[in-house]
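# Per-entry structural report
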Amino acid sequence: MYRFLLTPRWWVINAFAVLAIPFCLFMGTWQLGRFETRVDSHREQQDQADEARIAAAAPLRDLLPVTTETSGRKARATGHYDAGRQLLVPDRDLDGRNGFYVLTPLRTDDGKALPVVRGWLPGDAGSKADTAKIPAPPAGRVTVAGALQSSESPTSKGVSSSGGLPAGQLGVISAASLINLVPYGVYDAWITATDAPGPLSVVPPAAPPNSGLDLKAFQNLGYTGEWFIFVGFVLFMWFRLFRREVEAVRDAELGITPDPGPGTDGPDAAPQKRSPAGAA
């Protein structure tokens, strides 16, 4: 009865099922592993954030380059604020309110500058009334401590996609965007100061890229479900085809032919169902 499984048609069907099921299981397991990795990185990031709040600030050079392990760590640097090249980063939200960051380059002892977000202010970065509230940076040699952050990209969370910003404003906090605005080298990192002078508010550090339970993490979980559902679909379709083939073989053994349907009357029409041989 099952000799049909040896036909070329069923060789193709069986080969597809045998290859598709392990492949889908592998892809589903891989996507689940990626989701679990993001869950673990989220937990590690939370632990690191808790440790960073109580840990002493480390020298900036000991934490570079910025990685998922050093992002959010307290860093300290010594130098002079370049108040003449202070920049405002518009359209940044904090506690559900819209405002802007106040970024001032810190010329370190080695000559390179470290972008320092000294704090956040509510309002419009283009309003003179709002920008008049910005306190001047301290003069002279200072030591600044803050949470280390990696350079932003246009797709980073909170970054405004609007272009054509006026002079004195910056859309993306990165060395690439600052290199044409300052006449000296810039570190490929920035810090958000842990202490902000009034009326500035402290900007909390962001999670490092590709970590935490973000949209991509839940996309991985969704893809996991899709791959496992496809395994069930392949099994269902194989069983359905197999059962239909078995029924067709049994009908043929009983001498039952399929009903060709309407519109086939005439001398050339296919034979209709007939009783098994020997029936009354």
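Each value, and the rule that gives it
Residues numbered from 1 in each chain as written. Predicted model: local features only at pLDDT ≥ 70, side-chain atom pairs only at ≥ 80, totals over all residues. Heavy atoms only, no water. Helix = DSSP H or I, 4+ residues; strand = E, 2+ residues; numbered from the N terminus. pLDDT = per-residue confidence, 0-100. Contact = heavy atoms within 4.5 Å. Salt bridge = Lys/Arg side-chain N within 4 Å of Asp/Glu carboxyl O. Buried < 20%, exposed > 50% of the residue type's maximum accessible area, 1.4 Å probe, protein only. Phe/Tyr/Trp six-rings, centres within 6.5 Å; stacked < 30°, edge-to-face > 60°. Lys NZ or Arg CZ within 6 Å of the ring centre and 35° of its normal.

### Remarks on unusual backbone geometry
- Omega for the bond connecting L64 with P65 falls within 30 degrees of zero, at -5 degrees, which places this linkage in the cis form.
- Tracing the backbone shows P65 in the loop between β1 (58–59) and β2 (74–81).
- Of note, the bond from G198 into P199 is cis; its omega dihedral lies within 30 degrees of zero at 5 degrees.
- Relative to the helices and strands, P199 resides in the loop between β7 (190–193) and α4 (215–253).

### Some words on the confidence of the model for the protein chain
- Per-residue confidence for the protein chain gives a mean pLDDT of 84; residues scoring 70 or more make up 83%.
- Contacts of residues 273–280 to residues separated by more than four positions or lying in other chains number four contacts, the stretch itself having pLDDT below 50.

### Remarks on the pattern of salt bridges
- What the rule picks out here adds up to four salt bridges.
- A salt bridge links D82 to R85; its shortest N-O distance comes to 3.2 Å.
- Judged by relative accessible area, which is 34%, R85 ranks as partly exposed.
- The partner of R141 in a salt bridge is D109, and the shortest N-O contact between them spans 3.0 Å. One end of the pair, R141, is in strand β6 (residues 141–149); the other, D109, is in the loop between β4 (97–108) and β5 (113–122), and 32 residues separate them in sequence. One exposure class covers both R141 and D109, and it is exposed.

### Brief notes about the packing of aromatic side chains
- Applying the stated criterion to the full structure yields four aromatic pairs.
- Look at W10 and W238: their rings are 6.0 Å apart centre to centre, the planes differ by 85 degrees, and that puts the pair in the edge-to-face class. Of this pair, W10 sits in helix α1 (residues 8–54) while W238 sits in helix α4; the two residues are 228 residues apart in sequence, bridging distant segments of the chain.
- With relative accessibility at 26%, the residue W238 sits in the partly exposed group.
- Ring centres of F23 and W227 lie 5.6 Å apart, and the angle between their planes is 85 degrees; on these two criteria the pair is classed as edge-to-face. Of this pair, F23 sits in helix α1 while W227 sits in helix α4, and the two are 204 residues apart along the sequence.
- Three or more aromatic residues joined by ring pairs make a cluster, and in this case those are W10, W238 and F242.
- In this arrangement the basic side chain of R107 is found over the ring face of Y184, its NZ or CZ atom lying 4.1 Å from the centre.

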